Amino acid sequence: MEALPQQQERTYLCIDGKSFYASVECAERGLNPFETNLVVADPDRGKHALCLAISPKLKSLGVKNRCRLSDIPGNINYEIALPRMQLYVDYCADIYALYLDYIAPEDIHVYSIDEAFLDVTNYLKIYRTDAKSFAKFLMNEIANKLHIPTTAGIGPNLYLAKIALDLTAKHAKDHIGFLTEELFQKELWDHQPLTDFWGIARGKANRLSHYGIFTMRDIANAPQELLYKVFGVDAELLIDHAWGRETCLMQDIKKYRSKSHSVSFSQILPRDYTYEEAEVVIAEMALHGCLELYKRHVITKSVWIGVGYSWNTPYPSANGTIKLNSATQLASIIEPAVKQKYQEIAARSLLIRNLAISFGDVRDEGCEGYDLFTDWDAVDKEKAAERTVLEIRDRFGKNAVFRGINLEKAGTQRERNTFIGGHRAGYDDPRKPR
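Residues numbered from 1 in each chain as written. Predicted model: local features only at pLDDT ≥ 70, side-chain atom pairs only at ≥ 80, totals over all residues. Heavy atoms only, no water.

Regarding the packing of helix α3 (residues 85–100) against helix α5 (residues 131–146)
Cut-off, in case you're wondering: Note on definitions: angles span 0 to 180 degrees between N-to-C directions of axes, and those axes are lines fitted to C-alpha atoms, for helices only across the stretch in contact. To qualify as a helix, a DSSP run of H or I must reach at least 4 residues; to qualify as a strand, a run of E must reach at least 2; elements of each kind are numbered from the N terminus. In these notes the angle categories are as follows: under 35 degrees is roughly parallel, over 145 is roughly antiparallel, 65 to 115 is roughly perpendicular, and the rest is oblique. By convention, the crossing between two helices is left-handed when the near helix turns anticlockwise from the far helix through less than a right angle, and right-handed when the turn is clockwise. By definition in these notes, contact holds between two residues if any of their heavy atoms fall within 4.5 Å. Note on residue classes: Ala, Val, Leu, Ile, Met, Phe, Trp, Tyr, Cys and Pro are nonpolar, Asp, Glu, Lys and Arg are charged, and everything else, Gly too, is polar.
It is at 11 Å that the axes of α3 and α5 come closest, and there the two elements cross at 135°. Relative to α5, α3 is oriented oblique. Crossing of α3 against α5: the hand is right-handed. Contact with α3, carried on its side by Y91, D94, I95, L98 and Y99, involves L138, E141, I142, K145 and L146 of α5 and no other residues of that element. Of the residues in the contact of α3 with α5, the class split is seven nonpolar, no polar and three charged.

Here is the structure:
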């Protein structure tokens, strides 16, 4: 029997923009992020506003990355830059364009706005170089042309490249980490906490700790029957990662198509809202969600809402689920149901700071069905109106048409329509993007 050809060993890079948002703001100001105390945050959200990024200089002073403005010691002077998400997207596009000068798009996966995976296996021979030299070359190109500092991880699979970036590059003088399966087991098998590893969130780490599992070595040596009992099919990936293995290739990522089963939104309110003010916002979120359902051509059978109280309030958040009689996308059905559930679960005497809504069990709109008493003319009329709104917004912008509720003083949707990723896009910033 003829032997199957051995698969070529791959070489992956994972390159990350260091303190990306803060570095972009420093680049726009002609400042060195390693010498500048700068925070990207929106002070209009109060002293507890979340810092989206802090400069490397602030990190060197002991300030934590995802801190709040109130967490920064009072003896440190720093500059606050308002978030400008569109500007950061532009820089991300510029970095991607730079990669395209040397690598084909099918060998690039943009993992996030500041991070990308590159399959450089075939390019090392083309450019007659090695992985570390090629990584350094690309990092220098980004620094010289865009003034953004970067770090990189190198590995024979996507997982090890990511872990090399996250856990070893930060300790390397040249900001480049390198791992093989052997090095991973030698250097990181006993690393704690487990949450430092890609794919292990706090909940998963807590579940592992109940069985005395605190390190990757513990996972590798744990009975596989136990891991499968606790995590089901997800145990297979957990076990592979514990050994530094990853079967997913770049071509698998390119072929993947998401099968989303929910549509979700959340927001931190700009200040503490009263019960009545927050009711306006949750109604806006319900209406916005219905438009999104129309846009995606899906319907929902259940809606979950969550209410989080002021940070000064020791009460736990409240939540509830609405089970609809029929799967639908009609705002005339969903919005009143959401308001009713809000009135049932939200405490009238407490101030509210967080709201969330999730449309679950979504399915193709072709599965829509109502009872015998449904006024189908009214249904068709409402759908036609909503689709007209979508067409106008697609052509002239999200705020080209809005509802009366969006004019309420407590409403947030009109402002959020100008946001990207829940943060200021920066369109109205007097400092024009490049």
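A few points about the pattern of salt bridges
Applied cut-off: Any Lys or Arg side-chain nitrogen found within 4 Å of a carboxyl oxygen on Asp or Glu counts as a salt bridge. Each residue gets one of three labels from its accessible area relative to the maximum for its type: buried under 20%, exposed over 50%, partly exposed in between, using a 1.4 Å probe on protein chains only.
Within the structure shown, the criterion is met by 15 salt bridges. Between K162 and D166 there is a salt bridge whose closest N-O contact spans 3.4 Å. Here K162 and its partner D166 are both found in helix α6 (residues 158–168), four residues apart, which amounts to about one turn of the helix. With a closest N to O distance of 3.1 Å, D272 and R353 form a salt bridge. Taken together, the positions of D272 in strand β9 (residues 262–273) and R353 in strand β12 (residues 352–360) put the pair 81 residues apart, joining distant regions of the chain. Taking relative accessible area as the criterion, D272 reaches 22% and is therefore assigned partly exposed. Of the residues examined, R353 reaches a relative accessible area of 7% and is grouped as buried. Connected through shared salt-bridge partners, E25, R29, E79 and R84 make up one network.

As for the sheet that holds strand β6 (residues 115–119)
What counts is decided by this rule: Two strands qualify as a pair provided that DSSP identifies no fewer than 2 bridges between them.
The five strands are arranged β5-β6-β1-β7-β8 in an open sheet whose pairing can be described as mixed. Looking at strand neighbours, the two that pair on one side only are β5 (108–112) and β8 (176–178), the edges of this open sheet. Looking at each pair of strands side by side, their axes are set apart by 20° on average, direction ignored. Bridging between β5 and β6 involves four bridges; their strand directions are antiparallel. Each bridged residue has a counterpart across the sheet, and for V110 the counterpart in β6 is A116. Across the sheet, α5 is in contact with β1 (12–17), β6, β7 (150–155) and β8; its angle to β7 comes to roughly 160°.

Some words on the sheet that holds strand β2 (residues 38–40)
Strand order in this open sheet of three strands is β3-β2-β4, and the pairing throughout is mixed. Each edge of the open sheet carries a strand with a single partner, namely β3 (53–54) and β4 (79–81). Pairing between β2 and β3: two bridges, direction antiparallel. Residue pairing for β3: V40 is matched across the bridge by A53. Seen against the sheet, helix α1 (residues 20–29) touches β2, β3 and β4 and runs at an angle of roughly 120° to β2.

Quick notes on helix α15 (residues 376–396)
Note the cut-off: In this analysis, the expected span of each helix is defined as 1.5 Å times one less than the number of residues it contains. Think of it as the arc spanned by the lines of direction from the helix axis to the C-beta atoms.
A rise of 1.5 Å per residue sets the reference length of α15, with its 21 residues, at 30 Å; its end C-alpha atoms lie 30 Å apart and thus fit the reference within 8%. Every buried residue of α15 is accounted for by V379, E382, K383, E386, L390 and R393. Angular distribution of buried residues about the axis of α15 spans 100°; they occupy a single face of the element. In α15, the exposed positions angled more than 90 degrees off the buried face are occupied by D377, K381, E391, R395 and F396. Looking at the buried side of α15, the elements it contacts are α13 (275–296) and α14 (331–345).

Examining the packing of helix α10 (residues 224–231) against helix α11 (residues 234–242)
It is the contact of α10 with α11, at a shortest axis distance of 8 Å, that shows an interaxial angle of 130°. In terms of axis orientation, α10 runs oblique to α11. Read as a crossing pair, α10 and α11 show a hand that is right-handed. Contacts from Q224, L227, Y228 and F231 of α10 reach α11 at D234, A235, E236, L238 and I239. In terms of residue class, the contact of α10 with α11 is built from six nonpolar, one polar and two charged.

Remember, this is a structural readout, not a statement about activity or role.
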